[in-house]
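# Secondary and tertiary structure notes
Given next are the chains, with one letter for each unit.
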Amino acid sequence: APSSAAEALRPCLPVADAQGVSPLGAAMLVGLPQSMGWSLEDFVESNVEDEALAMTAVQVLGAEYDEDGVNENFCTLIQGSICVLGRATAKMALQFRDLTGTSIVLGSGMGQIDCHLGGIPGTCSSRAACIRHTGGGFYLCSLSDQDVVTLNGQIMSTGMEWIALE
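Residues numbered from 1 in each chain as written. Predicted model: local features only at pLDDT ≥ 70, side-chain atom pairs only at ≥ 80, totals over all residues. Heavy atoms only, no water.

## Thoughts on the sheet that holds strand S5 (residues 115–116)
Read across the sheet, five strands follow the order S5-S4-S6-S7-S10 without closing on themselves; strand pairing throughout is mixed. Bordering the open sheet on either side are S5 and strand S10 (163–165), each of which pairs with just one other strand. (Pairing = 2+ DSSP bridges. Helix = DSSP H or I, 4+ residues; strand = E, 2+ residues; numbered from the N terminus.)

Dropping the structure here:
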């Protein structure tokens, strides 16, 4: 449940536990653990040519994508027609803490970010991707070629068409 009336009006609403949540009139966005059939090592190997850089990337991203990492615990309801996904900068997080007395919650919004993705600083910009809802479903597009935005393991770029989420 939202902690305030303003939070209820945000395009994304973080969910502490997806069990038993029925997203009527909304879509649930969840982080997928590697146990769902994908491999961080394989993804990095297929997208990073330099072997030393690939090893570093796997080590750094392990906290994000390993079992019980940030990605596996991510869950939010998208309840608006447009949702900008990104990571709050250190300055944004500090401003949020100054205003509210708490840390920004994973999956919540602040400023121009509708859905804070969290994770390791520097791995995602504040405007990485966008999900929009039309009468025909939900669609994803990349907003920045500086970010690695993927759908079903395929990297998206800013010049691509909106891709339907299924």
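Okay, back to it.
## Things to note about the environment of Val30
Along the chain, Val30 falls in strand S2 (residues 27–30). Overall, Val30 belongs to the partly exposed group, its relative accessible area being 40%. When the C-alpha positions of Val30 and Asn73 are compared, they lie 7.8 Å apart, and in sequence the two are 43 residues distant. With residues up to four places along the chain from it excluded, the contact list for Val30 reads Phe74 and Cys75. (Buried < 20%, exposed > 50% of the residue type's maximum accessible area, 1.4 Å probe, protein only. Contact = heavy atoms within 4.5 Å.)

## Structural notes on the sheet that holds strand S3 (residues 75–78)
Taken in spatial order, the three strands line up as S1-S3-S2 in an open sheet, and their pairing is antiparallel. A strand with exactly one partner marks an edge of an open sheet, and here the two such strands are strand S1 (12–14) and S2. Taking each pair of neighbouring strands and ignoring which way they run, the sheet shows an average axis angle of 30°. (Axes fitted to C-alpha atoms, helices over the stretch in contact; angles between N-to-C directions.)

## Overview of the environment of Val58
By the element assignment, Val58 lies in helix H3 (residues 51–65). Note on Val58: relative accessible area 21%, which makes it partly exposed. Spatially, the C-alpha atoms of Val58 and Leu40 are 6.8 Å apart, while their sequence positions differ by 18 residues. Once residues within four sequence positions are removed from consideration, Val58 is found in contact with Leu40, Glu41 and Val44.

## Considering the confidence of the model for the protein chain
Looking at the protein chain, the pLDDT average stands at 81 and 88% of residues meet or exceed 70. In the predicted structure, residues 1–8 sits below a pLDDT of 50 and forms seven contacts with residues beyond four places in sequence or in another chain. (pLDDT = per-residue confidence, 0-100.)

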